[in-house]
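Commentary on secondary and tertiary structure
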Amino acid sequence: MFGRLKKKLNEAIQKVSDTVTDTVEEKPEDKVIETETIMSDTQSDAEPTTEYIKSGTSEEPKETTIATEKPKDKKPKTKKTISATLKSAVKVVSEKKIDAGVLDDALWELELVLLENNVASEMSEAICAEIKERLVDKSVSRFEVKNIIEDTFKKNVRESLECEPLDIYKIIEKNKEEKRPTLIMFLGFNGAGKTTNLAKLGHLLKSEGYSCVFAAGDTFRAAAIHQLEVHSETLKIPMIKHDYGSDAAAVIFDATKHAKAKGIDVVLADTAGRTHMNKNLLEELKKIVKVNTPDINILVVESIAGNDIVEQGRVFSEAGVDGVILSKWDVDQKGGAALSLTKAIGKPIVFLGTGQEYKDLKEFNIDDVMENII
Ligand SMILES: Nc1nc2c(ncn2[C@@H]2O[C@H](COP(=O)(O)OP(=O)(O)OP(=O)(O)O)[C@@H](O)[C@H]2O)c(=O)[nH]1
Ligand SMILES: [Mg+2]
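Nothing here was measured: the structure is a model prediction, and the numbers come from that model. Throughout, residues of each chain are indexed from 1 in the direction in which the sequence is written. Think of it this way: whatever chain is written first is A, whatever ligand is written first is 1, and the rest follow in order. Only residues with pLDDT of at least 70 are given local features in this predicted model, and only at 80 or more are side-chain atom pairs given and counted; all residues enter the totals for whole chains, interfaces and linings. Side-chain numbers come from the whole structure's heavy atoms, not from hydrogens or water.

With that settled, the discussion passes to the site of ligand 1. One heavy atom within 4 Å of a molecule or strand is enough for the residue carrying it to be called near that molecule or strand. Close to ligand 1 lie 21 residues; K194, T195, T196, D330 and Q356 are nearest. Within 3.5 Å is the distance limit for a polar contact, defined as a pair of N or O atoms, with the added protein rule that one can donate a hydrogen and the other accept it, and that residues adjacent in sequence qualify only through two side-chain atoms. At 3.4 Å, a side-chain N or O of K200 approaches an oxygen atom of ligand 1. At a separation of 2.9 Å, an oxygen atom of ligand 1 approaches a polar side-chain atom of R221. In this analysis, the protein atoms alone were mapped onto a 1 Å grid. Cavities are point sets where a 1.4 Å probe fits without being able to get out; pockets are open sets with protein on both sides within 12 Å along at least five of seven lines; lining residues have an atom within 4 Å of a point. By definition, a pocket or cavity contains a molecule when more than half of the molecule's atoms lie within 2 Å of the pocket's grid points. Judged by the fraction of its atoms near the pocket grid, ligand 1 is located in the largest pocket. Numbering of helices and strands starts at the N terminus; helices are DSSP runs of H or I of at least 4 residues and strands are runs of E of at least 2. The greatest single-element share of the shell around ligand 1, amounting to five residues, is contributed by helix α10 (residues 194-207). In this count, Pro and Cys sit with the nonpolar residues alongside Ala, Val, Leu, Ile, Met, Phe, Trp and Tyr, while Asp, Glu, Lys and Arg are called charged and the others, Gly among them, polar. Its residues assigned to classes, the shell around ligand 1 shows two nonpolar, 13 polar and six charged.

Here's what the structure looks like:
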């Protein structure tokens, strides 16, 4: 999912640490590195002036003299001098304080990378502000700069994803004790992956030993009932359906009644895709929820939906959302927006949809995301 962001992020982080360090190295004390690197790299014929050599190598005049006395066609023996000076340069770098102006420019590039990959602007700004606070006027080496940037990024992403978890199995078990089925309803934007991920969850729950029934609650889209029916037949999970155009709330109600009568553990209810911009469709969704009071409302959101993700999350939350499935996680796109959803709606990501097959439903784990992102 984060292949693109990871690549760009690492490039930007490298650039920030390089810029910061390079600028620090351009202090007068480090002049000797420039002098001798130029000599060694270009094998210049021009002999440095005595005055310049003195200012650059006051601590090691001997090596510098050897270098200037070498025949024109040979590379000056400056190896020892360079490595010695590099050592002192590292010391200088770690003793220099990082300048706010230099850092601002470098961090702006990092912020752009985050924004280009749809990381929400609040999060991008917060990350860069915190990096700045941790670096400005501090004495840090190039290595530490990189670590501080990575640490700050990870900390912010982790905080944004952390949330009280939703334990579906615990809810099912509790309801089983009370001899009633658990109703799990799927809602979300058109084409987000509701029906496919409902079927995947049915497959998973069945493999865990729970009995399931599907409710064909999308009575709106042509072929939606048939789509679920195909899953029902393939997975050998029964399905309750009415005709197209009938009341979705009634279909789900009937499926729950059926599950109660037959002692079925879980009802997985599909609903029609709807845009979060359409008030009427949202009102209808609220009615379905009111009639059926699902135990769990799962919002299915395409992880590649870009900055619209958070808005979708906020609006569907009006109907009640308990957890999220981020679908299409396998598609490598600008996935940064997904990082902000949990914080925005205060509900956890429960599963990632990682493909189009039944097995492609992965329990969400923050550590896996962190490993993939940086
Ligand atoms: N690559 C990938 N494709 C997915 C995933 N989940 C769903 N899809 C595909 O996305 C398309 C839409 O999926 P559906 O399950 O029909 O989406 P929906 O939300 O039910 O759509 P509507 O009922 O029309 O609103 C299908 O081609 C699915 O195979 C996923 O995790 N990864
Ligand atoms: Mg559907």
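This is not the end of the story, as more comes after the structure.
Approximately 420 Å³ is the volume found for the largest pocket. Taken together, 25 residues make up the lining of the largest pocket; nearest its centre are G191, A192, G193, K194 and T196. Here the element with the most residues in the lining of the largest pocket is α10; it accounts for five residues. Each residue belonging to the lining of the largest pocket can be placed in one class, and the counts come to five nonpolar, 13 polar and seven charged. Grid points are joined across faces, edges and corners, and a volume is the space filled by probe spheres set on the points.

Helix axes are fitted only over the stretch in contact, all axes being lines through C-alpha atoms; the angle between N-to-C directions runs from 0 to 180 degrees. Here helix α8 (residues 142-161) crosses helix α15 (residues 338-345) at 45°, and the two axes come no closer than 7 Å. If you check the angle between α8 and α15, you find them oblique. Each of V157, S160 and L161 in α8 lies in contact with α15, whose residues at this interface are A338, L339, S340, T342 and K343. The residue makeup of the contact of α8 with α15, split by class, is four nonpolar, three polar and one charged. Roughly parallel means an angle under 35 degrees; roughly antiparallel means over 145; roughly perpendicular covers 65 to 115; every other angle is labelled oblique. Only heavy atoms matter for contacts: two residues are in contact if any of them lie within 4.5 Å across the pair.

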